[in-house]
Amino acid sequence: DYERPTISPTPFPQLKPKNSSITEQEQQPAPLKYYKIVPVEATHSIEMSFPMKETNSLYLSKPLRYISHLIGHEGRGSILSFLKQKGWAQDLMAGGARACTSWSMFSIQITLTEAGLEHW
């Protein structure tokens, strides 16, 4: 026997219709929670994001992957190599951050040294 999937008449039964009355208890704000987060190490980074036209349709050529390999290269003559020689950066990451049907995003993140933070 196979079960047939059914569709609920109300996809979100926990939601009330707009014209329903809200009880006094529901109007009270939720209790606030406080979290203290202690970082393991102090780091400084900069992230640059560049919006662009959608790239999903270019899945065969993968242009964001190509660009991320060029910018994210870590060998001699690379952007990261230059920044490390100056003492300004420790790490560099580049890649497509988001890809939707109407737009894409390309991001570059650089982990800065103290000297890099001063030169930013």
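Read on for a plain summary of the structure. (Residues numbered from 1 in each chain as written. Predicted model: local features only at pLDDT ≥ 70, side-chain atom pairs only at ≥ 80, totals over all residues. Heavy atoms only, no water.)

This part is about the overall build of the protein. Along the backbone of the protein there are four helices and three strands. Taken from N to C terminus, the helices and strands of the protein fall in the order α-β-α-α-β-β-α. Out of the 120 residues belonging to the protein, those deemed buried represent 19%. For the protein, contacts bridging at least 24 residues in sequence account for 57% of all contacts bridging at least 6. Entry remark: accessible area of the protein is about 10,900 Å², with carbon and sulfur atoms responsible for 57%. (Helix = DSSP H or I, 4+ residues; strand = E, 2+ residues; numbered from the N terminus. Buried < 20%, exposed > 50% of the residue type's maximum accessible area, 1.4 Å probe, protein only. Contact = heavy atoms within 4.5 Å. Areas by Shrake-Rupley, 256 points an atom, 1.4 Å probe, with all protein chains shown as cover.)

A few words on a nonpolar patch on the surface. A cluster of nonpolar side chains, Y66, I67 and L70, forms an exposed patch at the surface whose accessible area comes to about 320 Å². Structurally, L70 can be placed in helix α2 (residues 63-72). Classification of L70 as exposed rests on a relative accessible area of 55%. (Patch = residues over 30% accessible without salt bridge, like charges linked within 9 Å, V, L, I, M, F, W, Y side chains within 5 Å. Salt bridge = Lys/Arg side-chain N within 4 Å of Asp/Glu carboxyl O.)

Helical geometry: 3.6 residues make up each α-helical turn, so side chains three or four residues apart lie on a common side. Within α2, the full set of buried residues consists of L64, S68 and I71. Within α2, the buried residues cover an arc of 70° as seen down the axis, which keeps them to one side. Counted as exposed and oriented over 90 degrees from the buried face of α2: R65, Y66, H69 and L70. (Arc of directions from axis to C-beta.)

With that out of the way, let us pick up the side chain of S81. With respect to the helices, strands and loops of the structure, S81 is situated in helix α3 (residues 79-86). Leave out the neighbours within four places in its chain, and S81 touches G75 and R76.

Here we take up the side chain of E54. Along the chain, E54 turns up in the loop between β1 (44-53) and α2. Of note is the side chain of E54, whose polar atom sits 2.9 Å from the backbone nitrogen of N56. (Polar contact = N/O pair within 3.5 Å; in protein donor to acceptor, adjacent residues only side chain to side chain.)

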